[in-house]
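Chain by chain, the residues:
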Amino acid sequence: MEGTFRINGRHELLEFSERATLLQVLRDNGHQEVKEGCAEGQCGSCLVLLDGRLVNSCQVFAAAAVNREITTVQGLGTIHAPHAIQEALVEVGAVQCGFCTPGMVMAAYYLLRHHPDPSEKEIRRALDGNLCRCTGYTKIIEGIRLAARRMRQA
Amino acid sequence: MNHFEYLQPTDLAEASRLLGDGPDEAMIFAGGTDMLSLLKDDVVAPRKLINIKGIPGLDDIRYTPGNGLVLGPLVTIRAIKENPTIREHYPVLAEAADVLASPQLRNLGTLGGNLCQRPRCWYFRGDFDCLRKGGATCYALEGRNKYHCIIGGHPCVIVHPSDMAVALLALDAKVTIYTPEETRQIPLNEFFVRPAEDYEREHVLKPGEIMSRIEVPAPPSGMLSGYRKFMERAVWDFAVVSVAAVFTRSGDRITGGRVSFGGVAPVPWQDEAFNRKLSGLRLTKRSVTDACKTLLSGAEPLSENAFKLPLARNLTGSLLLELAGVPL
Amino acid sequence: MARKIIKSKYFVEEDFVEVLAEVPAGGSSPLPTNQEMKVIGRPVTRLDGYDKVSGTARYTFDINLPHLAHARTLRSPYAHARITAIDAREAAKMPGVLGIIHYQNVDQIPWYGSSFLFDPHLRYVGDEVACVAAETEAAASAALKRIKVEYEELPFVVDAAAAMKQNAPAIHEGGNIQGGKPAVYARGDFDAGLAEADVVVEETFTTQVEVHNPTEVHCSVVNWEGDRLTVWDSTQAIFSVRDTVAQSLGLPASQVRVIKRYMGGGFGSKLTTGKYTVMAALLAQRIGRPVRITLDREEMNLAVGNRPDSVQKLTVAAKKDGTLSAMSHWSYGAVGAYPSGAACSWPLRTIYQCPNVKTEEYSVFINAGPGRPFRAPGHVQGTFALESILDDVAEKLAMDPLEFRRKNHATIDQVMNLPYTSKKLLEAYDAGAKAIGWDRRRKVPGADKGRYQRGLGFASQIWWGAGTPPAGCILKLNRDGSVRLIAGTQDIGTGTYTVMAQVAAEILEIPIERIQVNLGDTAVGPYCPLSGGSLTTPSVTPAVADAALQMKEKLLSAAAAILEVPQGELVYQRGEVRHTGDTSKKKTIVEILREMREQTLLTYGARNANPEGYAINSFGAQFAEVEVDTLTGHVKVIKVVAAHDIGRAVNRLTLENQFHGGILQGIGFALMEERVIDPQTGKVLTVNLHDYKMPTIMDMPEIEVIIVSEADTKISNVGAKGVGEPAMIPTPGAIANAIYNAIGVRLHSLPMTPDKILMALAQKG
């Protein structure tokens, strides 16, 4: 199959098999910032925005994402121009091995877009589908609070 | 995952025609949150996947005072969780949606998919030729069965995994089933199939039949409702036991209502005897706790899940009292 | 710098290891305390932070090469079987299939001691049968299903108690007890100690199998260039992967280069070379293309290690005054189908003063995935049992549990009869007790009433983590004044890049941004130990300090030559060499290098030898507050205070990461994680992240980390002890004691899941 995807604002014409998930197509085409931890919707490492909605890209067939808008973590901010969430996570020390981090950033972004001033409980609920085996989550929560504060002030 | 064709019909009639040859040939694909895992693990291997998301009108939420609520099967779990009308009139539904899966899965997952999802039994999902997959044995009977059913099981002891079904059952919902020839409506409790009737399927839909809507009666005035789900992990898990309660009260007595359970049986479960007793039950800690002592009294726990019985009773008692505002 | 070669002994994960090591001949001088430091000890953010948050970071999993082929593994569906025939002809003809290897077309490559890379005798569900390389992963997976294998099923056993019986199916020729006999230890006279006791408690505890499940799955990418092989591997031990791969393929180690890039966690499962790496190399050789092999989450839960389970029978005897008079530990645990270690009595032997101790431990083979070191192997299980029974003894003595531990504080290592370089466990008790509010603890267990019942508990911890030579670091000073550190260690996510840079930045007094760190490449970095056993920071940072101190000397010497003044009149400050008298005489690093017309200056730093005649251990105490929902049996951990002696804290942020993560893994082990096997088939039922339950963000309690120690000046210039494992060891024990304090029922079996608690409460009535 073949289809156009709008990934991080750019149109990309990609070939893929009918069985391919969005995650596979993204990763096969250079978007390795989208991580794969379980391929079963159980870890949150592969989160992207699909038409603005947060989804596990391993749970979406690529065929169903054709002609739609996809945002990966690099669409939010890059190493040269990081997003406030990315900055805050680095500053508070919320990153350890970093493999779950792109997914965490996406979930945090989705939360803050809908709830600019979340309580700690709301942060936890918003990230409860993202597994991290290293950090113990505490600093991730702290980082999101810091980012929220800065984003509200900006 | 085997090869399959991915088809996107634009109306129900076409979808129904495509589904007409049965699940080996074609299966519905909507949110995909369960289907992708089933495909990946080769639990199912249809030749065609029928994506029905392009069919208009299946994701409506409509509420009319006096008539109640109509939900399309493609309504997402998130939409139910966040819909102000549902939150106001049917807290039990919003609460069930709220504790279901994870935020991103709630964005994808649909009501229809949730009602039709396959069991989470680790034998069914795993590399076992189990009864439900056409084999000869229900491995859970003699195997590891902590998460399995305590009532209504044999010969297959799965539990039904749906949260929405438990809430909808307590609300006495009805399901509309579409075929190009006729559209029929059945009560939700007739939608699910007990293993004693047929252990290879969980619901009554036949090839070519599509769930086209779910109707919930208008809430009687003053209706109280709630959903409590006990998970082993605090979130993002299926119910070990869940309970939905819907009732009306007058003074300190329940005037009528219904309690239903998830995690205890192969179908969303109701204890008819208990529901009959609800009418007139005094909302005091003592009488509610006493009434709950006989709940699910026909239960026959397996080797590892006797705890589900006290758990179901405790959860029910505390939910009823909590909804009534009686301190525990 | 004068060097010498010494024999050095250190404890890693489960055993003492003796190595020859090149160390500085003059020993090491301690660096100043953290109070006097500008970079060391500060909460410096990670050098790799922005790489990771932006998605720029590339992991082994992300490596892509031209013409890359993809490999998948066929694994045994039977717990115990013999392959009688294998036919891969049909599979080989499938579209995209490039090569298939199995026991009939590969030489016998020794593995697990007595087995082979492909052994027709299959000993667990998941044992490797064949491996396919194809154009895509999907094509390889499809081909696996077409390999025809005939199996002769053999009787199997998946329970250690059953495996120890006389008539049990034999998994190996020597029987099911690893080594043929138990590991035993004794000191003093146990029976005499028992005779003089006023209180004797005997209890049996069990712990479950725990699976590492790092977020990045195990994976390797291999590429041959002639006879030289490059292996990218997600590993905690690049040199041991190099050696194992070279040996397996019959190559000189110098022809194998192992590179570890960013890595998504390990926790011990990536300490061991995977069969998959060698299989990929064999396939790559045959098909003449690079090969990538990744495991899926199911394979992660079958075949790459776990924490062995345990059944531990403990007897603890004490006198009326609270003095321990005798302790014994008898245990067995299932190591899986191949050698590993299930011993867990170390804490009991060492942490408290007790003259009469005996232990007897069996590591038992069963038909299940082999064990591997997992964050403080043995100690987590052993500490849970020990600290649980000690609380019960204290209760019988009517003593406060903390008082009881203080009373039995050990001042020397009783096994080796050596003093400790430092031990601040008493300080940890004081600080931790204060932070949690130990005086709030109800004296009577189960005294809290109502639906939600709260309790407090604590447990102590001992671990090695002293670090060891050999560990080397090359420091390159570039012409632009930047520094590159090169070492053969690996940052497995713990922050090694950052702590190494901190040490160099501190000593050379230059901004940390000017330092780059290159790790994880056997062809480039000098040898360093594997990253396990909490070894990395205490082993590697002293080598960095050594290299940086030498570089300072080198710069002084260079400046003296350039300025034509005696070196003794020069001082090094903030990246400049200045004359102590004439302030106009100064040279920056950049100026010195320009005048030397060199691109770089180089030094090589080495980790010093550990001091003779001492035991080096880390210590700590964790205090937990829990709330038990008596209607559901759910345990919520409210707060954990971790008060530890870990020598010098090099970086507060990465240190807290380690503690938070270790405590959460401890919570997972205490309350939810468990590998479940079907007894009828020997198949693992918990093969995904739904059925294998790891803690989520909802389970994380408030955590307070208190470091009671300063640099341990006897160990090394930096004086750090490792923290990775200490962070997890006491958590389950502390939670178990807190649950007992809350509900008055002792749980002897991990994980303490709601069903067990509910049934225990029901029995209590």
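Along each chain, residues carry numbers from 1 onward, in the same order as the chain's sequence is written. The order in which chains are written sets their letters, starting at A; the order in which ligands are written sets their numbers, starting at 1. Side-chain atom pairs in this predicted model are given and counted only at pLDDT of 80 or more, local residue features only at pLDDT of at least 70, and totals for whole chains, interfaces and linings cover all residues.

A.B. asks: How do you make sense of the overall build of chain C when you look at a structure like this?
C.D. replies: What counts as a helix is a DSSP run of H or I of at least four residues, what counts as a strand is a run of E of at least two, and both are numbered from the N terminus. Secondary structure assignment for chain C yields 18 helices and 32 strands. Put simply, the radius of gyration uses C-alpha atoms, and a globule should come to 2.2 Å times the residue count raised to 0.38. Relative to the globule expectation of 27 Å for 765 residues, the C-alpha radius of gyration of chain C, 27 Å, shows essentially globular dimensions. C-alpha extents for chain C along the principal axes are approximately 85 × 75 × 45 Å. The contact rule is simple: place each C-beta atom from the backbone, and if two of them lie within 7 Å, those residues are in contact. Considering only contacts in chain C between residues 6 or more positions apart, those separated by 24 or more positions represent 80%.

A.B. asks: What should I look at first to understand the overall build of chain B in this one?
C.D. replies: Per the secondary structure count, chain B includes 13 helices and 12 strands. At 19 Å, chain B has a C-alpha radius of gyration in line with the 20 Å of a compact globule built from 328 residues. Taken along its principal axes, the extent of the C-alpha atoms in chain B is 60 × 50 × 35 Å. Exposed residues have 12 or fewer other C-beta atoms within 10 Å of their own C-beta, buried residues have 20 or more, and partly exposed residues fall in between, where C-beta atoms are placed from the backbone. By residue count, 55% of the 328 residues in chain B fall in the buried class. Here the analysis covers contacts within chain B between residues at least 6 apart in sequence; of these, 65% occur between residues at least 24 apart.

A.B. asks: Explain the nonpolar core here, please?
C.D. replies: Note that soluble globular proteins tend to have their nonpolar side chains buried in a common cluster. Residue and element names in this part refer to chain C. What makes a nonpolar core is a set of buried Ala, Val, Leu, Ile, Met, Phe, Trp, Tyr and Cys residues, with links drawn between C-beta atoms within 7 Å. The biggest cluster of nonpolar side chains holds 418 residues, and the ones touching the most others in it are Val-132, Leu-485, Ala-504 and Ile-739. By residue number, the principal contributor to this core is helix 14 (residues 536-563), which donates 12 residues. In this structure Val-132 touches Ala-71, Arg-72, Ala-91, Val-97, Ile-100, Ala-140, Ala-143 and Leu-144, once residues within four positions along its chain are discounted.

A.B. asks: Would you mind going over the sheet that holds strand 27 (residues 576-579) of chain C with me for this structure?
C.D. replies: Residues and elements named next belong to chain C. Strands are treated as partners if at least two bridges between them are detected by DSSP. Pairing is antiparallel in the open sheet, where three strands are placed in the order 26-27-28. Of all strands in the sheet, those with a lone pairing partner are strand 26 (570-573) and strand 28 (586-588), marking the two edges. Across the sheet, the mean angle from the axis of one strand to that of its neighbour is 20°, orientation sign disregarded. The axes used here are C-alpha line fits, helices contributing only the stretch in contact, and every angle between their N-to-C directions lies in the interval 0 to 180 degrees.

A.B. asks: Where do I start with helix 15 (residues 589-596) of chain C in this structure?
C.D. replies: An α-helical turn contains 3.6 residues, so any two residues separated by three or four positions project in the same direction. Residues and elements named next belong to chain C. Within the sequence span of helix 15, burial applies to Ile-589, Ile-592 and Leu-593. The buried residues of helix 15 occupy one face: seen down the axis, they fall within an arc of 95°. Downstream of helix 15 by one or two residues, Arg-597 has phi in the positive range, about 50°. Along the arc lie the directions from the helix axis toward the C-beta atoms.

A.B. asks: Just to check I follow, could you spell out the packing of helix 12 (residues 285-292) of chain B against helix 13 (residues 308-324) of chain B for this structure?
C.D. replies: Helices that pack against each other are described as a pair by the angle of their axes relative to one another and the distance between those axes. All names here are of chain B. Where helix 12 meets helix 13, the axes come as close as 9 Å, and the angle between the chain directions of the two elements is 150°. For the crossing formed where helix 12 meets helix 13, the hand is right-handed. Residue-level inspection shows Lys-285, Val-288, Thr-289 and Cys-292 of helix 12 in contact with helix 13, the latter providing Arg-313, Thr-316, Gly-317, Leu-320 and Leu-321. Looking at the contact of helix 12 with helix 13 residue by residue, the class counts come to four nonpolar, three polar and two charged. Put simply, a crossing is left-handed when the front helix is turned counterclockwise from the back one by less than a right angle, and right-handed when it is turned clockwise. Throughout this entry, Asp, Glu, Lys and Arg are counted as charged residues, while Ala, Val, Leu, Ile, Met, Phe, Trp, Tyr, Cys and Pro are counted as nonpolar. The remaining residues, Gly among them, count as polar.

A.B. asks: What am I meant to see in the sheet that holds strand 30 (residues 618-629) of chain C here?
C.D. replies: Where strands meet in a sheet, backbone hydrogen bonds hold them as pairs that are either parallel or antiparallel. Residue and element names in this part refer to chain C. Across the sheet, four strands lie side by side as 22-30-31-32; this open sheet has mixed pairing. At either margin of the open sheet sits one strand with a lone partner, and together these are strand 22 (452-463) and strand 32 (702-707). Each strand axis lies, on average, 15° off the axis of its neighbour in the sheet, ignoring direction. Strand direction decides the pairing type here: strand 22 and strand 30, joined by 12 bridges, are antiparallel.

A.B. asks: Would you mind showing me how to read the packing of helix 6 (residues 238-249) of chain C against helix 7 (residues 275-287) of chain C here?
C.D. replies: Residue and element names in this part refer to chain C. Closest axis-to-axis distance for the helix 6/helix 7 pair is 10 Å, and the angle between their directions is 50°. In terms of orientation, helix 6 and helix 7 fall into the oblique class. Regarding helix 6 and helix 7, the two cross each other, and that crossing is right-handed. Between helix 6, through Val-241, Val-245, Ser-248 and Leu-249, and helix 7, the contact on the second element is made entirely by Thr-277, Val-278 and Ala-281. When its residues are assigned to classes, the contact of helix 6 with helix 7 shows five nonpolar, two polar and no charged. For classification purposes, an angle smaller than 35 degrees is called roughly parallel, one larger than 145 roughly antiparallel, one from 65 to 115 roughly perpendicular, and anything else oblique.

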